[in-house]
Amino acid sequence: MATILNIETSTNVCSVALSSDSTVLEHHENYDGLSHSTLLSAYVRSALEYVRSREMTVDAVAVSIGPGSYTGLRIGLSEAKGLAFGLQVPLITVGTLQLLAVQTMFSQFSDDMPLFVPMLDARRDEVYTAVYDEALNEILSPQAMILDSHSFSDLRHGNKRLVIAGNGASKAQRIIGSSDDLEYLPDIKPVALDMVALSEKAWREKRFADIAYSTPMYLKEFQATKSRKQLLGS
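This one's a predicted model, so the numbers in the text were calculated from it and none came from an experiment. (Residues numbered from 1 in each chain as written. Predicted model: local features only at pLDDT ≥ 70, side-chain atom pairs only at ≥ 80, totals over all residues. Heavy atoms only, no water.)

Participant: Just to check I follow, could you spell out empty space enclosed by the protein for this structure?
Facilitator: If you roll a probe as big as a water molecule over the atoms, it shows you where there is empty space left. As enumerated under the stated definition, the model contains 1 cavity of 30 Å³ or more in all. Here the largest cavity defines a volume of roughly 40 Å³. (1 Å grid on protein atoms, 1.4 Å probe; cavity = no way out; pocket = protein on both sides within 12 Å on 5 of 7 lines; lining within 4 Å. Points joined across faces, edges and corners; volume = space filled by probe spheres on them.)

In structure tokens:
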């Protein structure tokens, strides 16, 4: 089985996990929203030192591709590309919403499996979201969505629960409201530790990304926020 260096920087969490044969050998996480570029480099150096000290090799680099923070995604993908190129190993990209769905599944142990709705906060009433079943089949493809009180109403039938997880869940609860068929898990965050199953599956299926041309999955165009001085014309 491959040894994979997993990188996740799509939100305010910066994390790295080194895995081999479904076992996590080393992992680092920071939830403070500090400088991803500084933290990520340090975490990667630690993982590479672990590999070298045990005379192992890194077989692939995996990175969460988005959607999420524009800056975080750029930092993560740039680091992953540089590593893959320098180590001459394949690059694996993992969808952040799919990663969140897998992480949410790990927290659900009921016999009646719900639909999983990973959700990342965007601007105003907008979120990045998708819907997956228990086999990770896409019920709703990743997209930017403006929430209203009727969001996901077409999926709320047949006593099927929807589990809405991620940092957009609190916004969804405020706008959509609460009911017996909706569960909100706002504290679930995407981390590299939970990328392992997805990155190893991609390795087995030889689903590798183009190191030169891969770009983050932004889902919508970047909109720069003007400073107060710019707004005042000074």
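Participant: Explain helix H1 (residues 36-53) to me, please; I cannot follow it from the model alone.
Facilitator: It helps to recall that an α-helix has 3.6 residues per turn; residues three or four apart then point in one direction. Along its 18 residues, H1 runs 25 Å from first to last C-alpha, staying within 8% of the 26 Å computed at 1.5 Å per residue. Buried within H1 are the following residues: His36, Leu39, Leu40, Tyr43, Val44, Ala47, Leu48, Tyr50 and Val51. The buried residues of H1 occupy an angular sector of 165° when the element is viewed end-on, so they sit on one face. Exposed residues lying more than 90 degrees from the buried face of H1 are Thr38, Arg45 and Arg52. Structurally, H1 contributes buried residues whose contacts are with strand E1 (3-8), strand E2 (14-20), strand E3 (23-30) and helix H2 (70-87). Following H1 by one or two positions, glutamate 55 adopts a phi angle in the positive range, close to 55°. (Helix = DSSP H or I, 4+ residues; strand = E, 2+ residues; numbered from the N terminus. Expected span 1.5 Å × (residues − 1). Buried < 20%, exposed > 50% of the residue type's maximum accessible area, 1.4 Å probe, protein only. Arc of directions from axis to C-beta. Contact = heavy atoms within 4.5 Å.)

Participant: I would appreciate a short explanation of the nonpolar core in the present structure.
Facilitator: Soluble globular proteins: nonpolar side chains tend toward being buried together. Counting residues in hydrophobic clusters, the biggest one holds 23 residues, and the most contacted among them are Leu5, Ile7, Val16, Val44, Val61 and Leu83. Elements with a contribution of two residues or more to this core: E1, E2, H1, strand E4 (60-66) and H2. The element best represented in this core is H1, accounting for 8 residues. If near-sequence neighbours (up to four positions away) are discounted, leucine 5 is found in contact with Val16, Ala17, Leu18, Val44, Ala47, Leu48, Val58, Ala60, Val61, Ala62 and Leu83. Counting residues in each nonpolar core, the second largest holds 17 residues, with Met119, Val127, Ala169 and Ala172 among its members. (Core = buried A, V, L, I, M, F, W, Y, C linked by side-chain atoms within 4.5 Å.)

Participant: Hey, could you run me through the environment of alanine 17 in this one?
Facilitator: Structurally, the position occupied by alanine 17 is in strand E2. When its relative accessible area of 0% is taken as the criterion, alanine 17 is described as buried. Counting along the chain gives 20 residues from alanine 17 to serine 37, while the straight-line C-alpha distance between them is 16 Å. Contacts of alanine 17, omitting those with residues within four sequence positions, involve Ile4, Leu5, Asn6, Glu26, His27, Ala192 and Leu193.

Participant: Can you walk me through the packing of H1 against H2 in this structure?
Facilitator: The geometry of a pair of packed helices is captured by two quantities: the angle between their axes and the separation between those axes. At a minimum axis separation of 10 Å, H1 and H2 run at an interaxial angle of 30°. Our classification of the angle between H1 and H2 gives roughly parallel. Seen from above, H1 lies across H2 with right-handed handedness. Seen from H1, the contacting residues are His36, Ser37, Leu40, Ser41, Val44 and Leu48; seen from H2, they are Gly72, Ile75, Gly76, Glu79, Leu83 and Leu87. For the contact of H1 with H2, the per-class residue count stands at 6 nonpolar, 5 polar and 1 charged. (Axes fitted to C-alpha atoms, helices over the stretch in contact; angles between N-to-C directions. Parallel < 35°, antiparallel > 145°, perpendicular 65-115°, else oblique. Left-handed = near helix turned anticlockwise from the far one by under 90°. Nonpolar A, V, L, I, M, F, W, Y, C, P; charged D, E, K, R; others polar.)

Participant: I'm lost on the sheet that holds strand E7 (residues 126-132) in this one. Help?
Facilitator: Two strands in a sheet stick together by hydrogen bonds in their backbones, pointing the same way (parallel) or opposite ways (antiparallel). Across the sheet, which stays open at both edges, the 5 strands sit in the order E8-E7-E6-E9-E10 with mixed pairing between neighbours. This sheet does not close on itself; its edge strands, each paired only once, are strand E8 (138-146) and strand E10 (182-185). Adjacent strand axes in the sheet meet at a mean angle of 15°, parallel and antiparallel pairs treated alike. The sheet contact formed by strand E6 (residues 115-121) and E7 spans 4 bridges and is antiparallel. Pairing of methionine 119 across the sheet is with threonine 129, part of E7. (Pairing = 2+ DSSP bridges.)

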